[in-house]
Amino acid sequence: MDKVILIRYGEIHLKGRNRGFFESALVKNIKHKLKDIQCEFTCKRARYMVSNFSEEDEDIIIERLKQVFGIHSISVAQYIKTDLDEIVKTCVALAKDEGTFKVDTNRADKKFPMTSVQTSQFIGGKILEKHHKLSVDLFNPDFIVNIDIREDGGTFVYADKILCAGGMPVGTAGKGMLLLSGGIDSPVAGYMMSKRGLNLDAIHFHSYPYTSELAKEKVVDLAKIVSSYATRINLSCVPFTKIQEEIHKNCDSSYMITLVRCFMMRIAERVALMRGCGCIINGESLGQVASQTLESINITNSQIKTLPIFRPCIGMDKDEIIAIAQKIGTFETSILPYEDCCTVFLPDSPVIKPNPQKVEEELAKIPNAEELINEAIENIELIRIS
């Protein structure tokens with residue numbers, strides 16, 4: 001009898017002939033997560049398992065596997081040879097002393113002499129013989145004894161299923177460029193797109209000395225948390241001070257935020273293409289702030305010439321976004337009181353319905369715009385986060 005952690009995937013089951021590609025990516029990501037832990041990882045016909053690990057590492061392995069996109073659920077299981085007496089003994093030992101239960105059997109090995117239903121009934125009877133305070137409830141039991149009889153002569157027996165991140169393995173859907181601010185929304189947006197299989201790079205705009213080094217460190221910390229799901233991130237820190245100063249000096253103050261966003265999107269697309277990204281991702285939620293009205297979003301979109309923009313938070317309210325941020329561990333870092341560049345030269349009354357023609361007129365007041373963009377890109381600080 002061996003104690004193992006049984007791993008199950010979810011959506012990959014739907015991939016038909018392409019399933020091998022997704023399985024390979026998932027296996028690679030699992031091995032990456034566990035590379036510094038002494039254990040064995042093996043694949044057994046759509047069943048993955050971690051074995052030969054120390055008791056001290058069990059909780060660490062579970063927490064890391066919960067962060068791997070593509071894994072639907074895991075269970076701490078006993079892996080035994082497929083022998084009826086051995087299965088009975090293991091199931092009886094696993095059962096609780098009182099309450100309600102049911103036995104759920106999956107019989108992949110069709111040579112096993114009983115059907116799944118017959119096996120569940122037989123094992124359930126043996127459990128009742130040993131635990132007199134238990135009763136059977138097939139619809140709402142207090143616990144379930146699961147039996148998974150495999151084709152290789154082995155059987156998994158386990159009780160609990162621990163739900164994991166789900167989604168698709170990171171690396172199966174290309175790469176995207178995440179606009180990562182120090183706020184709550186953008187790390188959530190990165191998490192959600194990683195869940196759909198995207199590798200992430202990230203770009204952050206900082207305005208030293210108007211913003212502190214602590215503000216940039218906060219963003220690095222957020223990138224590290226997101227990278228625990230996204231495997232690794234290249235963070236491009238863009239010096240944005242000169243551009244903001246030029247906008248502040250030459251342009252209508254009520255259009256400050258709109259113009260800042262225009263420059264950000266132009267730079268983000270240039271850097272995304274340099275890094276081999278196929279999309280841009282941001283944390284905008286419709287109507288949340290002045291720069292996220294429908295009119296403002298249309299202006300933002302008009303600055304991008306080649307790549308699509310993904311906004312996974314667009315239909316969510318703040319409470320929903322905060323709930324995800326708390327779940328993934330970014331919330332406490334996001335609310336640290338270090339201001340980002342969007343607060344620099346903030347107007348008293350930012351325009352909420354920018355006029356496209358007016359935007360072009362204001363942008364034309366900065367004749368050296370292309371020079372400023374090139375200078376900002378040339379002075380990017382690249383931070384590799386894994």
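Our subject is the structure listed above.
1. Focus: the overall build of the protein
Right, so step 1: In terms of helices and strands, the protein carries 13 helices and 15 strands.
Right, so step 2: Relative to the globule expectation of 21 Å for 386 residues, the C-alpha radius of gyration of the protein, 27 Å, shows a markedly less compact shape.
Right, so step 3: Its C-alpha atoms give the protein principal-axis dimensions of roughly 85 × 40 × 35 Å.
Right, so step 4: Across the 386 residues in the protein, those meeting the buried criterion constitute 52%.
Right, so step 5: Taking contacts inside the protein between residues at least 6 apart in sequence as the whole, the part at least 24 apart equals 80%.
Right, so step 6: Positive and negative charge centroids in the protein, built from 47 and 51 side chains respectively, lie 7 Å apart.

2. Some words on unusual backbone geometry
Right, so step 1: Following Tyr208, the chain continues into Pro209 via a peptide bond in cis, with omega recorded as 10°.
Right, so step 2: You can see Pro209 is positioned in the loop between strand S11 (199–206) and helix H6 (213–230).
Right, so step 3: In this model, Asn52 sits at a positive phi of 55°, which is unusual for a non-glycine residue.

3. A word on helix H8 (residues 256–274)
Right, so step 1: Helix length check: H8 (19 residues) gives 27 Å between terminal C-alpha atoms against 27 Å at 1.5 Å per residue, within 8%.
Right, so step 2: With 15 of its 19 residues buried, H8 lies for the most part within the structure.
Right, so step 3: Just downstream of H8 lies Gly276, where phi reads positive at about 75°.

4. What to know about the nonpolar core
Right, so step 1: Counting 37 residues, the largest nonpolar core has Ile203, Phe240, Ile243, Ile247, Phe263, Ile267 and Ile280 as its most contacted members.
Right, so step 2: Counting only elements with at least two residues in this core, the list comes to strand S10 (175–179), S11, helix H7 (241–250), H8, helix H12 (356–363) and helix H13 (369–378).
Right, so step 3: Residue contributions to this core peak at 11 residues, all from H8.
Right, so step 4: With sequence-adjacent residues up to four places away left out, Ile243 is seen in contact with Phe263, Ile267, Leu372 and Ala376.
Right, so step 5: Core analysis: the second largest hydrophobic core is formed by 33 residues, Leu180, Ala230, Ile321 and Ile383 among them.

5. Considerations on the sheet that holds strand S13 (residues 279–281)
Paired through their backbone hydrogen bonds, the strands of a sheet run either parallel or antiparallel.
Right, so step 1: Taking strand neighbours across the sheet as the criterion, the 6 strands line up as S14-S13-S10-S11-S12-S15 in an open arrangement whose pairing is mixed. Every interior strand has two partners, whereas the edge strands, strand S14 (309–310) and strand S15 (381–385), have only one.
Right, so step 2: Pairing of S11 with strand S12 (residues 233–239) involves 5 bridges; the strand directions are parallel. Directly across from Phe205, in S12, lies its bridge partner Val238.
Right, so step 3: The sheet strands contacting H8 are S10, S11, S12, S13 and S14, and the helix crosses S11 at an angle near 140°.

6. Remarks on the packing of aromatic side chains
Right, so step 1: Inspection of the entire model under this criterion finds 9 aromatic pairs.
Right, so step 2: In textbook terms, an aromatic cluster arises when at least three aromatic residues are bridged by ring pairs, as seen for Tyr9, Phe41 and Tyr48.
Right, so step 3: Of note, Lys15 hangs over the ring of Phe22, and the distance from its end group to the ring centre comes to 5.1 Å.
Right, so step 4: Positioned above the aromatic ring of Tyr255, the side-chain terminus of Lys358 is 5.8 Å from the ring centre.

7. Overview of the pairing of strand S8 (residues 154–158)
Right, so step 1: Of all 5 residues in S8, 5 are buried; the element is thus mostly enclosed.
Right, so step 2: Every second residue of S8 is oriented toward a common face, with Gly154, Phe156 and Tyr158 on one face and Thr155 and Val157 on the other, all of them buried.
Right, so step 3: Across 5 bridges, strand S4 (residues 71–81) lies against S8 in antiparallel orientation. Counterpart to Ile80 in the pairing with S8 is Thr155.
Right, so step 4: Relative to S8, strand S7 (residues 143–149) runs antiparallel, the two sharing 4 bridges. Bridging from a neighbouring strand, Asp148 pairs with Phe156 of S8.
Right, so step 5: Taking the residues that link successive antiparallel strands as the turn, the S7-S8 hairpin has 4 residues, and the phi of Gly153 there is positive, at about 90°.

The rules we used
- Residues numbered from 1 in each chain as written.
- Predicted model: local features only at pLDDT ≥ 70, side-chain atom pairs only at ≥ 80, totals over all residues.
- Heavy atoms only, no water.
- Helix = DSSP H or I, 4+ residues; strand = E, 2+ residues; numbered from the N terminus.
- Rg over C-alpha atoms; globule rule 2.2 N^0.38 Å.
- Buried < 20%, exposed > 50% of the residue type's maximum accessible area, 1.4 Å probe, protein only.
- Contact = heavy atoms within 4.5 Å.
- Lys, Arg positive; Asp, Glu negative; His and termini not counted.
- Charge placed at Lys NZ, Arg CZ, Asp CG, Glu CD.
- Expected span 1.5 Å × (residues − 1).
- Core = buried A, V, L, I, M, F, W, Y, C linked by side-chain atoms within 4.5 Å.
- Pairing = 2+ DSSP bridges.
- Axes fitted to C-alpha atoms, helices over the stretch in contact; angles between N-to-C directions.
- Phe/Tyr/Trp six-rings, centres within 6.5 Å; stacked < 30°, edge-to-face > 60°.
- Lys NZ or Arg CZ within 6 Å of the ring centre and 35° of its normal.

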